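Listed here are the chains, written in short residue letters.
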Amino acid sequence: MSQDLQEHHENDDLAYLANAEYRAALDDAIEARNQADLIEIFDRLHVADIADIIEQSDRGRREDIITLWGSEIDALVLTELEDGVRAEILEYVPYSVLARALQELDSDDLVYVIEGLEEDKRETLLGALDQIDREAVTQSLTYPEYSAGRLMQREFVLAPEHWNAGQTIDYMRSNAELPAYFHNVFVVGPTMKPVGIVRLSKIMGSPRNTKLTDILDESLHSFRVDTEQSEVAYAFNQYHILSAPVLDEDGRMVGVIDIEDALEILDDEAEEDIKRLAGVGDEELSDSIVETARLRFPWLAVNLLTSIIASIVIAQFSDTINAVVALAILMPIVASMGGNAGTQTLTVAVRALATKDLTRANAKRIVYREAFVGLLNGLVFALAIGLVGWIWFGRIDLGYVLAMAMVLNLVVAGLAGILIPILLDKLGADPALASGAFVTTVTDVVGFLVFLGLAAAFLV
């Protein structure tokens, strides 16, 4: 390993970033086929940084990294990878190595990795797990995708309600099978139904003879195994939950969800909304050229269709445009301003729907707010663009038409940006996925129609 990297590590105990020095050393290790150096480098990096290095490499380099890493591969890295990259990586990992590595994962991480495999490889890997893990993963895979049952882990700490703090501490000290990280002890009745939680800080700070029921937090948030994971993540964020039990159809506790899992879902949901608003779906940076083009094609096709509709509207006013050539120069301004205003409102509305901040209770008020925001901005920009039209082309009537069109289109843009996602949400469609195309169509068509219609009425 290079002397520079050695000195860098000695001087920085928090050398967790995959910086240029580490990348250069990794390149040298791969080039020399030096497994010991590669393992030493990866031992100093967080699994998330290792995943970043793998994702940012091309296919050939990924295969070199995984092949050289060999039997020392850390299965936790697989949980940090994008879905497409993980599927590719699993092709390079020998079955025996993968089976051994997966034994180190918690049940929720096992489900996360195995659920994305093809059926034959999934069954093969399940057969390599010990009986407890195999039964846990198999059971989790029977629950709906993107549900609490898939998200939960089965490693958690239980205590019967008749125990005291001392008994609970003794149990935790003597039990070698405790989860690596946990925040709460779940107190259950005789039928495995949770009656509350006790925070570790409460247990450790109480006298040994303190009954758990005396320090019990009964405000317990729990989820059924079929609860959608988006609902789970929302509840964690809304009520500041650290961990929560997952219950089967009989109300018995079968798993637990921690805040780390919920935050990851929130991040995924936000990323998904951003991508869908831009019309790129589930695209990842690691996707191939063909796959990327395939994912973007449908929304480009929709955009082409909306552009054709707008062009048809323009064509109806060809005589007007021929009579007043300035209209051809100015009309993109009105449509563009409407499109931008609509996108601003749409972005806020889609996120508010996702976080449940926009509901039936406040929808009417928000709709009025967006309409008046559009009106206010429309009046301000109408004055500016009206003066531009008057001074540029020397026609005050053209300035009036431009100003009126600007006001009307910004009001319509605000209404479209809020009403379309609300309507799609009520119809059960994903507002992030479909709203953009509709809002763009409305602002373009209304912008051209209003501007050219007013021009036809007052200028020609």
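Residues numbered from 1 in each chain as written. Predicted model: local features only at pLDDT ≥ 70, side-chain atom pairs only at ≥ 80, totals over all residues. Heavy atoms only, no water.

1. So, the nonpolar core
Grouped burial of nonpolar side chains is what soluble globular proteins tend to show. Ranked by internal contacts, the top residues of the largest apolar core, which has 45 residues, are Leu38, Phe42, Ile54, Trp69, Ile89 and Leu102. Each residue touching leucine 38, except ones within four places of it in the same chain, is listed here: Leu26, Ala29, Ile30, Ile65, Leu68 and Trp69. Listed in part, the 33 residues of the second largest apolar core include Met331, Ala341, Val445 and Phe448. (Core = buried A, V, L, I, M, F, W, Y, C linked by side-chain atoms within 4.5 Å. Buried < 20%, exposed > 50% of the residue type's maximum accessible area, 1.4 Å probe, protein only. Contact = heavy atoms within 4.5 Å.)

2. A word on the layout of surface pockets
By volume, the second largest pocket is sized at about 480 Å³. Lining the second largest pocket we find 17 residues, and of these Ile132, Asp133, Arg154, Glu155 and Glu177 sit closest to its centre. In terms of residue count, helix 11 (residues 131–141) provides more of the lining of the second largest pocket than any other element does, four residues in total. Residues belonging to the lining of the second largest pocket are distributed by class as follows: seven nonpolar, two polar and eight charged. (1 Å grid on protein atoms, 1.4 Å probe; cavity = no way out; pocket = protein on both sides within 12 Å on 5 of 7 lines; lining within 4 Å. Points joined across faces, edges and corners; volume = space filled by probe spheres on them. Helix = DSSP H or I, 4+ residues; strand = E, 2+ residues; numbered from the N terminus. Nonpolar A, V, L, I, M, F, W, Y, C, P; charged D, E, K, R; others polar.)

3. Some remarks on the sheet that holds strand 2 (residues 184–188)
Pairing in this open sheet of three strands is mixed, and the strands run 1-2-3 from one edge to the other. In this open sheet, the two strands that pair with only one neighbour each are strand 1 (158–160) and strand 3 (194–199). Ignoring strand direction, the axes of neighbouring strands in this sheet form an average angle of 35 degrees. Note: strand 1 against strand 2, three bridges, orientation parallel. Looking at the pairing, proline 160 lines up with valine 188 of strand 2. (Pairing = 2+ DSSP bridges. Axes fitted to C-alpha atoms, helices over the stretch in contact; angles between N-to-C directions.)

4. A closer look at the packing of helix 9 (residues 107–114) against helix 11
Two elements in contact, helix 9 and helix 11, have axes whose closest approach is 10 Å; the angle formed by their N-to-C orientations is 60 degrees. With respect to their mutual orientation, helix 9 and helix 11 come out oblique. The hand of the helix 9/helix 11 crossing is right-handed. Contact with helix 9, carried on its side by Leu110, Val111 and Ile114, involves Asp133, Val137, Ser140 and Leu141 of helix 11 and no other residues of that element. (Parallel < 35°, antiparallel > 145°, perpendicular 65-115°, else oblique. Left-handed = near helix turned anticlockwise from the far one by under 90°.)

5. A short note on the sheet that holds strand 4 (residues 223–224)
One key point about sheets: their strands pair by backbone hydrogen bonds, in either a parallel or an antiparallel sense. If you trace the three strands from one edge of the open sheet to the other, you get 4-5-6, paired in mixed fashion. Since the sheet does not close on itself, it has two edges, and those belong to strand 4 and strand 6 (253–258), each with one partner. Across five bridges, the pairing between strand 5 (residues 243–247) and strand 6 is antiparallel. Residue pairing for strand 6: valine 246 is matched across the bridge by glycine 255.

6. Some thoughts on the confidence of the model for the chain
For the chain, mean pLDDT is 86; residues scoring 70 or higher make up 94% of the total. Element-level mean pLDDT values for the chain span from 48 in helix 1 (residues 3–11) up to 95 in strand 4. Note that pLDDT drops below 50 for residues 7–16; the model gives that stretch 14 contacts with residues more than four away or on any other chain. (pLDDT = per-residue confidence, 0-100.)

7. Things to note about the side chain of aspartate 248
Position of aspartate 248 among the secondary structure elements: in the loop between strand 5 and strand 6. In this structure, aspartate 248 is in contact with Arg224, Val225 and Val254, ignoring residues within four places of it in sequence.

8. Quick word on the environment of isoleucine 314
By the element assignment, isoleucine 314 lies in helix 17 (residues 289–315). For isoleucine 314 and valine 445, which are 131 residues apart along the polypeptide, the C-alpha to C-alpha distance reads 8.6 Å. If we ignore the near neighbours within four places in the chain, the residues touching isoleucine 314 are Ile321, Met331, Phe448 and Leu452.

9. Topic: empty space enclosed by the protein
In the structure shown here, the tally under the stated rule is one cavity of 30 Å³ or more. Counted as a void, the largest cavity has a volume near 50 Å³. Forming the boundary of the largest cavity are 13 residues, of which Phe156, Phe182, Phe186, Val256 and Asp258 lie nearest the centre. Breaking the lining of the largest cavity down by element, the ones donating at least two residues are strand 2 and strand 6.

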